[in-house]
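Residues per chain, in single letters:
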Protein chains: 2
Amino acid sequence: MSAEDISAAYAAGLCELRTLLGARLSSSPSVRDQHGADPTGHFKAAPDAVAFATSTTEVSAITCICSAHKMPIIPYGCGTSLEGQVAAVHGGVCIDLSGMNQMVELNSSDLDCRVEAGVTLRKLNESIRQDGLFFPVDPGADASLGGMAATRASGTNAVRYGTMSHNVLGLTVVLASGAIIRTGTRARKSAAGYDLTRLFVGSEGTLGVITEVQLKLYPFPSSISAAVSSFSSLRGAVDTVLQTLHCGVPIARIELLDEVLMEAVNRRGTINYPALPTLFFEFQGTTQSVEEQVQIVGDLVRENGGAQFEWALLPEERTRLWRARHEAFWAARDLRPGCTPIATDVCVPISSLTECVLETKNDIQELPFPAPVTGHVGDGNFHVLLLMDAGSPSEAAAAESFNRRLIERAHRYGGTCTGEHGVGLGKIDYLEWEAGSSLSCMRAIKAALDPDGILNPGKIFRT
Amino acid sequence: MSAEDISAAYAAGLCELRTLLGARLSSSPSVRDQHGADPTGHFKAAPDAVAFATSTTEVSAITCICSAHKMPIIPYGCGTSLEGQVAAVHGGVCIDLSGMNQMVELNSSDLDCRVEAGVTLRKLNESIRQDGLFFPVDPGADASLGGMAATRASGTNAVRYGTMSHNVLGLTVVLASGAIIRTGTRARKSAAGYDLTRLFVGSEGTLGVITEVQLKLYPFPSSISAAVSSFSSLRGAVDTVLQTLHCGVPIARIELLDEVLMEAVNRRGTINYPALPTLFFEFQGTTQSVEEQVQIVGDLVRENGGAQFEWALLPEERTRLWRARHEAFWAARDLRPGCTPIATDVCVPISSLTECVLETKNDIQELPFPAPVTGHVGDGNFHVLLLMDAGSPSEAAAAESFNRRLIERAHRYGGTCTGEHGVGLGKIDYLEWEAGSSLSCMRAIKAALDPDGILNPGKIFRT
């Protein structure tokens, strides 16, 4: 169908949605464009309308209308996903959940809470700080908890606290039919039937619309310490990571930035370290346990040729360090103003990380644009930031073939094409390689739960 | 169909299986009876034959034959499940995987391994000990890793290391069609499509036959210490657990035995402690970190009226303590020789644990048989061992109504009807209560992946 045909087919449905939502259904081109684009600017497809939902019941009502008219639904939290998850490639209605931003319940004694899907990570952590609690999953962006659940987000703390898969106790989900289901309970574990919670976590809006999330929380550690260390070689840095894990040190974060990225980060002025492969560490625990972790890792750093094991014991120093780390994406972009970066996202078994990153660094030499490397190396997950000019077909082709080689390499080492960004539009072909015959199993589940294919169509699988 | 009709309908299929497997297909009544019964003796339904499989390819061939004849398949590891998961209630073929007992690969640098489904927990841990590694999930019985994955097992270490859900990286599964799929990769995390691994973990053989399991392993802690403490009140014991978790102490095990069970355990002679509510602790980490954990928890024990915080620093003392803990089920049974115990299995939010256990203890007063209580209290999971006489209809009725009240109570507190034993036959009605409208979602997945309903029929759902 052409774009006009699509809009015509959906006219009746949109009319019903207008009656239901009034001004909370927007057809404004700027609102639609903004909701169909990701932050990197690579994927753009505006929905026919944006519905600003305020409750699970309302999401259900919207879904019933969309279902009756076989009109696509694209759930939207903060729009920070990186693989085109929010692009409305088949038109339809974007359901913006950002207005559903309330804490439903906080059970501090049980170290859990239930939030509406639109609550952002920062807001959540601000609202539980006074209870001495925090939520550890930290993808970098101030994403919504619903979006983080839908894309199985992880980030810097995953080496210690796991990903969203480990930290979601249950969900409220609106199915394609409009039916509202609750998965999981408030118990910390359960063996009661299929693990629907973990099926919806990472399903990227293709099996249902997540409207509430029950989360595990953690007591704020009594002591936190951060450190930075530069290495003359990448191998020394990565070997330090491996040995740290083998010593059973319960490290909270262990992040790599290569020399190119360190130079970019330095330019922003927040920190100033040598332009060398660098590890950022964070240790959490009791004072005594943190001191012990620091001593063990300090020894490993020295043994592996690391220098400048600089301490940041004060909260403001730590904040500065981690701000620098989180700004790395933007710092990288400044290396080539006007570029449209692609963040690749492979994850490999940790013992292959050094070889995989070194081969990748060699491959980067052939690229016609800068490509710094960063990684959540404790998990074996790393990103190459391809600072390409989207207007240049030759650069786009070079980026695409580089990414393909990178993923082939990750698969060769027993890894995955996406550690944390998800499949969306960008990794559909690579998921096919990786999943092999298990893809038919995924497709069967999709067909069973969304027989008309209205839930975020065109994502994860080609439709 | 009557039993004779079933056997007749399956005669052609069984004949084909005989050609495929020769002597490795057994129709011996004793073999069939043994494979259709669980260790408690509550659930008994012999399959028509038992196939002793030796490879994934062979499981696939068996499944193809069963599929062609719409003949049920019941996967079998060690037969230690407690809710009738192995009972062949619709007849068919039990696939015994105990012969598939090889380590497929051990990647000690990456802290992972791949085992065939029939490898038992003890064998796994023996074979990786020399590499300084261990696998922490410990359900008590020496179960097979395939069975533990299939039932989402957990046990004493889950408070620190999580359940099978957290420790399985990937699976090889034979689907109802006979197709062989691999889920997951060797990467520590992935956002590549639906999390099929966690869908099969806990599916109790109803979605596919698990033939290989990729597992996370852990470095053996440099220091381990165990302790036992008696409390004058149950409340004091459970409050100690709550406060330990709130202090962020990374405790490895924290187990409760009530005064009735302590008396039973004492009678076996392995240990001798007061017949009072008792906590068993295990601390793991570096020497310094263990000392610190011990100090924090020791203080909490004293504050909550605990006494006899007895240490077991030597491995043989620890082994003795944990042997006593693991023998608790058998010790309980000795309280009433000839009884047929039922192990209930609720799990509640930790802050409700005291109230829920106290209400349950009151309820136990009304029972016509002894019913000691034990629990993995760090997770909020506890078991009442109902030492009933299976030959007495009134005791059976009392046990059933007690279990129903217990589960209602757990649901009232936001908990689950099964923390770790699974649904099998015993919890089908309770899963319906708990899952509510999400049950239709589970049924849709079952129908999509097993359209003829040949995989462990009658389990999880009534068929």
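These numbers were taken from a predicted model, which means no experiment stands behind them.

(A) Broad picture of the overall build of chain A. Check the secondary structure of chain A and you find 18 helices and 19 strands. A compact globule built from 463 residues would reach a C-alpha radius of gyration of about 23 Å, and chain A, at 22 Å, matches this within 12%. Oriented by its inertia axes, the alpha-carbon framework of chain A measures out at about 70 × 55 × 45 Å. By the burial criterion, 59% of the 463 residues in chain A qualify as buried. Of the contacts formed within chain A by residues at least 6 apart in sequence, a portion of 72% connects residues at least 24 apart.

(B) Seen up close, the nonpolar core. Within the largest apolar cluster, 293 residues are counted, with the highest numbers of intra-cluster contacts made by Ile95(A) and Ile95(B). Beyond its immediate chain neighbours, meaning those up to four positions away, Ile95(A) contacts Ala51(A), Ala53(A), Val59(A), Ile62(A), Ile73(A), Pro75(A), Tyr76(A) and Val209(A).

(C) Structural view of the relation of the copies chain B and chain A. Superposing chain B onto chain A requires a rotation of 180 degrees together with a translation of 0.0 Å along the rotation axis, leaving an RMSD of 0.0 Å. Overall, the copies show the geometry of a two-fold rotation axis. In this assembly the copies share their binding face: 100% of the residues contributing to the interface of chain B also contribute to that of chain A.

(D) Representation of the domain arrangement of chain A. Residues and elements named next belong to chain A. In terms of domain boundaries, chain A breaks down into domain 1 (3-96), domain 2 (110-219), domain 3 (223-331) and domain 4 (336-423). Here the C-alpha centre of domain 4 lies 32 Å away from the C-alpha centre of domain 1. Tallied by class, the residues present in the side of domain 1 that touches domain 4 amount to one nonpolar, five polar and one charged.

(E) Representation of the interface of chain B and chain A. In this assembly, 75 residues from chain B lie in contact with 75 residues from chain A. If you list the elements that add at least two residues to the side of chain B that touches chain A, you get helix H8 (164-167), strand E9 (180-184), helix H9 (196-200), helix H10 (234-246), helix H12 (287-303), helix H17 (428-435) and helix H18 (438-449) of chain B. If you tally residues by element for the side of chain B that touches chain A, the top one is H18(B), at eight residues. Partitioned by chemical class, the residues of the side of chain B that touches chain A number 32 nonpolar, 31 polar and 12 charged.

(F) Up close: the packing of helix H12 (residues 287-303) of chain A against H12(B). The contact between H12(A) and H12(B) brings their axes to 9 Å, and the two run at 175 degrees. Here H12(B) runs roughly antiparallel to H12(A), going by the angle between their axes. Contact with H12(A), carried on its side by Gln288(A), Ser289(A) and Glu292(A), involves Gln288(B), Ser289(B) and Glu292(B) of H12(B) and no other residues of that element. Tallied by class, the residues present in the contact of H12(A) with H12(B) amount to no nonpolar, four polar and two charged.

(G) Main features of the confidence of the model for chain A. This prediction gives chain A a mean pLDDT of 94; 98% of its residues lie at or above 70. Across the whole predicted complex the pTM is 0.97, and at the interface the ipTM reaches 0.96.

(H) Focus on the sheet that holds strand E2 (residues 49-52) of chain B. Residues and elements named next belong to chain B. With mixed pairing, the four strands of this open sheet are ordered in space as E1-E2-E4-E3. The sheet terminates laterally at strand E1 (25-26) and strand E3 (73-76), the two strands that pair on one side only. Pairing geometry for E2 and strand E4 (residues 93-96), over four bridges, is parallel. What sits directly across from Phe52, in E4, is Asp96. The strands that helix H2 (residues 11-21) touches are E1, E2 and E4; relative to E2, the one it contacts most, it runs at about 30 degrees. The sheet contacts of helix H4 (residues 56-68) involve E2, E3 and E4, and relative to E4 the element is tilted by about 175 degrees.

(I) Representation of the sheet that holds strand E10 (residues 209-216) of chain B. Residues and elements named next belong to chain B. Taking strand neighbours across the sheet as the criterion, the five strands line up as E5-E6-E10-E8-E9 in an open arrangement whose pairing is antiparallel. Two strands close off the open sheet at either side, each with one partner strand: strand E5 (103-107) and E9. With strand direction ignored, the average angle separating the axes of adjacent strands in the sheet is 10 degrees. In this sheet, E10 lies alongside strand E8 (residues 168-174) in antiparallel orientation, the contact comprising six bridges. Of the residues in E10, the one forming a bridge with Val174 is Val209.

(J) The pairing of strand E18 (residues 373-376) of chain A, seen in detail. All names here are of chain A. Residues Val373 and Gly375 point to one face of E18 and Thr374 and His376 to the other, with burial holding for every one of them. Relative to E18, strand E13 (residues 253-257) runs antiparallel, the two being bridged by two bridges. From the neighbouring strand, Leu257 faces E18, where its bridge partner is Thr374. Where E18 meets strand E19 (residues 381-386), four bridges bridge the pair, whose relative direction is antiparallel.

(K) Spotlight on helix H15 (residues 353-364) of chain B. All names here are of chain B. Over its 12 residues, H15 runs 16 Å from end to end, which matches the ideal 16 Å to within 8%, given 1.5 Å per residue. For H15, the complete set of buried residues consists of Leu353, Cys356, Val357 and Thr360. Relative to the axis of H15, the buried residues are bounded by an arc of 95 degrees and lie together on one face. In this structure, the buried side of H15 is in contact with H10, strand E18 (373-376), strand E19 (381-386) and helix H16 (393-412).

(L) Layout of the environment of Gln293(B). All names here are of chain B. Mapped onto the secondary structure, Gln293 falls in helix H12. The buried category is assigned to Gln293, around which 26 C-beta atoms lie within 10 Å. In this structure, the C-alpha to C-alpha distance between Gln293 and Gln243, residues 50 residues apart in sequence, is 13 Å. Contacts of Gln293, omitting those with residues within four sequence positions, involve Val249, Ile251, Phe283 and Gly285.

(M) Unusual backbone geometry, seen in detail. Residues and elements named next belong to chain A. In this model, Asn456 sits at a positive phi of 40 degrees, which is unusual for a non-glycine residue. Of note, Asn456 is situated in the segment after helix H18 (438-449). Residue class for Asn456 comes out buried when judged on the 30 C-beta atoms lying within 10 Å of it.

(N) Highlighting the pairing of E19(A). Residues and elements named next belong to chain A. By the criterion of burial, E19 is predominantly enclosed, with six of the six residues buried. Alternating residues of E19 divide into Asn381, His383 and Leu385 and Phe382, Val384 and Leu386, and every residue in both groups is buried. With two bridges connecting them, strand E16 (residues 342-343) and E19 associate as antiparallel partners. Counted as the bridge partner of Ile342 is Leu386 from E19. With two bridges joining them, strand E17 (residues 346-347) and E19 adopt antiparallel strand pairing. Counted as the bridge partner of Val346 is Phe382 from E19. If you look at the hairpin formed by E18 and E19, you'll find four residues sitting between the two strands, and Gly380 has a positive phi there, around 80 degrees.

(O) A look at the packing of helix H10 (residues 234-246) of chain A against helix H15 (residues 353-364) of chain A. Residue and element names in this part refer to chain A. Running from N to C, H10 and H15 cross one another at 150 degrees; their axes reach a closest spacing of 9 Å. With respect to H15, the axis of H10 lies roughly antiparallel. As for the relative orientation of H10 and H15, their crossing is right-handed in sense. For the pair formed by H10 and H15, the contact residues are Leu234, Arg235, Val238 and Asp239 on the first element and Leu353, Thr354, Val357, Leu358 and Lys361 on the second. Considering only residue class, the contact of H10 with H15 consists of five nonpolar, one polar and three charged.

Criteria and cut-off values
- Residues numbered from 1 in each chain as written.
- Chains lettered and ligands numbered in written order.
- Predicted model: local features only at pLDDT ≥ 70, side-chain atom pairs only at ≥ 80, totals over all residues.
- Helix = DSSP H or I, 4+ residues; strand = E, 2+ residues; numbered from the N terminus.
- Rg over C-alpha atoms; globule rule 2.2 N^0.38 Å.
- Buried ≥ 20, exposed ≤ 12 C-beta atoms within 10 Å, placed from the backbone.
- Contact = placed C-beta atoms within 7 Å.
- Core = buried A, V, L, I, M, F, W, Y, C linked by C-beta atoms within 7 Å.
- Least-squares fit on C-alpha atoms with pLDDT ≥ 70 in both.
- Domains from an automatic or database assignment.
- Nonpolar A, V, L, I, M, F, W, Y, C, P; charged D, E, K, R; others polar.
- Axes fitted to C-alpha atoms, helices over the stretch in contact; angles between N-to-C directions.
- Parallel < 35°, antiparallel > 145°, perpendicular 65-115°, else oblique.
- pLDDT = per-residue confidence, 0-100.
- Pairing = 2+ DSSP bridges.
- Expected span 1.5 Å × (residues − 1).
- Arc of directions from axis to C-beta.
- Left-handed = near helix turned anticlockwise from the far one by under 90°.

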